[in-house]
Amino acid sequence: MVVAATSVYAFVFTYIMLMLINTVTPVKVTDEEQLIGLDISMHGECAYDTIH
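Residues numbered from 1 in each chain as written. Predicted model: local features only at pLDDT ≥ 70, side-chain atom pairs only at ≥ 80, totals over all residues. Heavy atoms only, no water.

Regarding the overall build of the chain
Convention followed: Comment: elements are numbered from the N terminus, with helices defined as DSSP H or I runs of at least four residues and strands as E runs of at least two. This radius of gyration counts C-alpha atoms alone. The globule rule is 2.2 Å times how many residues there are, raised to the power 0.38.
In terms of helices and strands, the chain carries three helices and zero strands. Each helix and strand of the chain, ordered N terminal to C terminal, gives the series α-α-α. By the compact-globule yardstick of 10 Å for 52 residues, the chain is too spread out, its C-alpha radius of gyration being 18 Å. Oriented by its inertia axes, the alpha-carbon framework of the chain measures out at about 55 × 25 × 15 Å.

Structure (structure tokens):
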């Protein structure tokens, strides 16, 4: 019973915290950023030169 209650508490707490964080900064990247590549769109550099 305690393990189940702790699991539910952890899930609810994490979900609420992610909702709050998402109001300040986006938690998920856009589809366009993901297609371009996160290294280029977020850091402005290409991690693997052989791919592009």
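Description of the side chain of Asp39
The test is simple: We call two residues contacting when some pair of their heavy atoms lies within 4.5 Å.
Summarising the element assignment, Asp39 is placed in helix H3 (residues 38-43). With residues near it in sequence (within four places) discarded, Asp39 still touches Gly44, Glu45, Cys46, Ala47 and Tyr48.

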